[in-house]
Amino acid sequence: ISLLVFVVIFSGYAQPQWRKIPTPEPEPALIGGNRDENGCLLGAGYSWCELKQKCLRIWDEPCDGEKRRLNLEVIVKVTVIVFLVLVILMNVTANAMSCT
């Protein structure tokens with residue numbers, strides 16, 4: 001019987017706790033790490049812009065040049081407002097001079 005106990009202990013069936021090799025835990029997948037065929041990080045909101053040949057977020061930088069068109073509209077509106085203010089000031093000045 002003592003020979004049987006000796007064989008069982010040293011044969012590997014009864015490995016002591018300190019001799020067990022720990023199995024590595026699998027690393028969790030990164031959230032948002034998916035990329036499209038152009039390398040754009042989809043989870044961060046990037047998409048490929050063929051026109052500009054780069055990854056971009058369409059709410060930060062429109063792909064189709066829409067932002068430039070909007071800037072032009074703002075410039076035109078501000079110019080019209082400034083022109084109207086100047087016309088009003090000229091009329092007020094002219095009226096003030098005619099009263100004196």
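Note that this is a predicted model, so its numbers are computed, not measured.

1. Observations regarding the state of the cysteines
Working definition: the covalent bond between the sulfur atoms of two cysteines is a disulfide.
Reasoning step 1: For the structure shown, the criterion picks out 2 disulfides.
Reasoning step 2: Residue Cys49 pairs covalently with Cys63 via a disulfide, S to S 2.0 Å. Sign of the S-S torsion, about 85 degrees for the bond between Cys49 and Cys63, identifies this disulfide as right-handed. Of this pair, Cys49 sits in strand E1 (residues 47-49) while Cys63 is found in the loop between strand E2 (54-56) and helix H2 (66-99), placing the two residues 14 residues apart along the sequence.
Reasoning step 3: Each bonded cysteine in the protein gets a number by its place in the sequence, and the pairs come out as 1-3, 2-4.

2. Some thoughts on unusual backbone geometry
For residues other than glycine, phi is negative in most cases, and the peptide bonds are mostly trans.
Reasoning step 1: One non-glycine residue with positive phi stands out, namely Gln53, at about 55 degrees.
Reasoning step 2: Tracing the sequence through the fold places Gln53 in the loop between E1 and E2.
Reasoning step 3: On the basis of relative accessibility, which here comes to 47%, the residue Gln53 falls in the partly exposed class.

3. Let's talk about a nonpolar patch on the surface
Reasoning step 1: On the surface, Val74, Val78, Ile81, Val82, Val85, Leu86 and Leu89 cluster together into a nonpolar patch covering about 610 Å² of accessible area.
Reasoning step 2: Here Leu86 shows up in helix H2.
Reasoning step 3: According to the relative accessible area criterion, Leu86 is partly exposed, its value standing at 47%.

Thresholds applied
- The residue numbers shown here count from 1 along each chain, following its written sequence.
- Only residues with pLDDT of at least 70 are given local features in this predicted model, and only at 80 or more are side-chain atom pairs given and counted; all residues enter the totals for whole chains, interfaces and linings.
- Note that water and hydrogens are dropped before the side-chain values are worked out from all heavy atoms of the structure.
- Disulfides are defined as pairs of cysteine sulfur atoms found within 2.5 Å of each other.
- Secondary structure is summarised from DSSP: a helix means a run of H or I of at least four residues, a strand means a run of E of at least two, and numbering begins at the N terminus for each.
- Burial here depends on accessible area, computed with a 1.4 Å probe over protein chains only, as a share of the maximum for the residue type. Under 20% is buried, over 50% is exposed, and the range in between is partly exposed.
- Patches here are clusters of residues that have more than 30% relative accessible area and form no salt bridge, with a 9 Å joining cutoff for like charges and a 5 Å cutoff for nonpolar side chains (Val, Leu, Ile, Met, Phe, Trp, Tyr).
- Exposure was quantified through the Shrake-Rupley algorithm and a 1.4 Å probe, taking into account, for residues, occlusion by the shown protein chains and nothing else.
- Basic side-chain nitrogens of Lys or Arg form a salt bridge, by our definition, when they fall within 4 Å of a carboxyl oxygen of Asp or Glu.

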